[in-house]
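Take a look at the letters that make up each chain.
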Amino acid sequence: MGRKGIAKRAKGGATSATVAIDPTFPVESYIAHAQDAIDKGQLSVARKFLLRSSSLYPDSVETLELLGAVEMEVMNANDPELLFASHAEQGGNMSDGMMEDSLEEAAGQTVERAKQYFMMSVELRPDRGYAKYLYLGQLSEGKDAIGWYQRGVEILQTEWKEAAKESEKAMLARKISSALCSMTEIYMTDCCDEPEAEASCESYMTQAFDVDPFSPEVYQTYASVKISQCQTDGARSALLRSLEFWYPAVVDASANGTPPGEMPPYPGRIALAKLLIETALYRKAIDVLDICRLENDEDPDGWYVSGWANYRMAVDGKGMPEDAEMTDAERLELVKDARDCFHTLIQLQEKYDSVEPEMMSHAQELLKEMHEQYLSKFPMDDENGNDAGGDEGDWVDMDSDYY
């Protein structure tokens, strides 16, 4: 394990295309073409237009902010191949057409490019445009991140008060509440030891509920606050309320074969699943994670959290606090599902070297534990001789490098 220069061929796909760029375009034309490419998922094409625009019009704030937004799209896509391809296009370390930089190096340089673009935009136009401040909040830590978010919220609040259309007010309210949630999370993590941490969390949550009382993210963040205060029942209530805003509609859409409609972004759903596990709402966590895997089946976080949810549910013996105790056979099925999730995680590590060491180590420990505690004790082969407890073809060798 531990590859640092695994060869990865950059692939273009929907993100690349041959583009003829007219050097006589006004800046508005470059931006319009770039935005159209972004809307089509052609991030490489968008970048070409924007880099040309930046070279001709270096003081264009709109160009700089879109360049930063493109880098953020690459980062937030949770797609290693897209990240490698983007990195290769911008001078990544290549040898004979193969990518030599690690996924971590590619991600780090993508973040630095985004920061540079947004900081240049701040210098050129500090008092207008909230997006750059919210992005810088995402890319920063601690009090620095709080400061960026606060500046973005102030601009958003001004625009919200001046907005004439209800649809615009609702959009701005959602962005305000999301920023306040991010600030709350920072005070529960990076800044948790600050004397004002608890009071700031309460204040941000009050503001978020006031401006956007129907936001799933607000209820999810409120649940995190309740967990930090050891109020598990309050956290469960908030999490279930958060799910009510979007999950039933997704289930109905799936049953009817229609588009699922709006739901929280992928990272938010992974974070939600972790909170559901923490509050012993395992069945709900697995439901959310099933949706996540349909969207991205190569995200290490998704497979790790899925394995953890299945295994915790097996150990506790209940999918929900009010459920009856499950049978040994039901527990075993969950353990097998957890095993399969962790094996997929190992495969992703071998393919991309993208799994965090702590996550990988924990998964390996759990694989060993579930084998010793469950799979080796309950073979339960069916009448056709098929494995029901993990045979040698599926199980990771106990003497292998995974342990």
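As the structure is a prediction and not an experimental result, all values here were calculated from the model. (Residues numbered from 1 in each chain as written. Predicted model: local features only at pLDDT ≥ 70, side-chain atom pairs only at ≥ 80, totals over all residues. Heavy atoms only, no water.)

A few points about the state of the cysteines
Counted only if it meets this: Here, the term disulfide refers to a pair of cysteine sulfur atoms separated by no more than 2.5 Å.
Overall, the coordinates contain zero disulfides when judged by the stated rule. Here C191 stays free of any disulfide, with the sulfur of C192 as its closest cysteine sulfur at 8.1 Å.

Things to note about the side chain of K169
Note the threshold: Where helices and strands are cited, they refer to DSSP runs of H or I of at least four residues and of E of at least two residues respectively, numbered from the N terminus. Per-residue accessibility, obtained with a 1.4 Å probe over protein chains only, is compared with the maximum for each type, and a residue is labelled buried under 20%, exposed over 50%, and partly exposed between these values. Charge counting treats Lys and Arg as positive and Asp and Glu as negative, with His and both chain ends excluded. Salt bridge, as used here: a side-chain nitrogen of Lys or Arg that lies within 4 Å of a carboxyl oxygen of Asp or Glu. Any two residues having at least one pair of non-hydrogen atoms within 4.5 Å are treated as being in contact.
By the secondary structure assignment, K169 is in helix α8 (residues 166–188). No salt bridge is formed by the buried K169. Its closest oppositely charged neighbour is E166, at 6.0 Å. Residues in contact with K169, not counting those within four places in the same chain, are W160, K161 and A163.

Digging into helix α16 (residues 328–352)
Convention followed: Take the residue count of a helix, subtract one, and multiply by 1.5 Å to get its expected span.
Its 25 residues place the ends of α16 36 Å apart at the C-alpha level, agreeing with the 36 Å of an ideal helix rising 1.5 Å per residue. D353 sits one or two positions beyond α16 and adopts a positive phi of about 55 degrees.

Considering the packing of aromatic side chains
Our working rule: Only centres within 6.5 Å qualify two rings of Phe, Tyr or Trp (six-membered ring in Trp) as a pair; their planes then separate them into stacked at under 30 degrees, edge-to-face at over 60, and tilted for everything else. A ring is scored as having a charge over it whenever the NZ atom of a lysine or the CZ atom of an arginine sits within 6 Å of its centre and within 35 degrees of its normal.
Under the counting rule described, the total for this entry stands at 12 aromatic pairs. Taken together, the ring pairs connect F209, F214, Y219, Y222 and F245 into an aromatic cluster. The ring of W160 is capped by K169, whose NZ or CZ atom sits 4.3 Å from the centre of that ring. In this arrangement the basic side chain of R241 is found over the ring face of Y219, its NZ or CZ atom lying 5.8 Å from the centre.

A few points about the confidence of the model for the protein
Filter applied, for reference: The predictor attaches a confidence to each residue, called pLDDT, with possible values from 0 through 100.
Put simply, the protein has an average pLDDT of 86, and 84% of its residues get 70 or more. pLDDT under 50 marks residues 1–18. Its contacts with residues more than four places away, or in other chains, come to 46 contacts. A low-confidence stretch, residues 388–403 (pLDDT under 50), is modelled with 39 contacts involving residues beyond four sequence positions or located in other chains.

Side note on the environment of L50
The topology assignment puts L50 in helix α2 (residues 43–56). Here L50 falls in the buried class, since its relative accessible area comes to 0%. Separated by 16 residues in sequence, L50 and L66 have C-alpha atoms that sit 7.5 Å apart.

Some remarks on α2
Here α2 is 14 residues long and its end C-alpha atoms lie 20 Å apart, about the 20 Å a rise of 1.5 Å per residue gives. Along α2, the residues classified as buried are L43, S44, V45, A46, R47, F49, L50 and S53. On the buried face of α2, the contacting elements are α1 (27–39), α3 (61–76) and α4 (80–89).

Focus: the pattern of salt bridges
Applying the stated criterion to the full structure yields 19 salt bridges. In this structure, R236 and D233 form a salt bridge, with 3.3 Å as the shortest nitrogen-oxygen distance. Of this pair, R236 and D233 are both found in helix α11 (residues 232–244), three residues apart, which corresponds to roughly one turn of the helix. Judged by its relative accessible area of 21%, R236 is partly exposed. Using a relative accessible area of 57% as the deciding quantity, one classes D233 as exposed. Linking E298 and K351 is a salt bridge whose minimum nitrogen-to-oxygen distance equals 2.8 Å. With a gap of 53 residues between them, E298 in the loop between α14 (282–295) and α15 (300–316) and K351 in helix α16 connect regions that are remote in the sequence. Given the relative accessible area of 22%, E298 is considered partly exposed. Connected through shared salt-bridge partners, R47, E71 and R113 make up one network.

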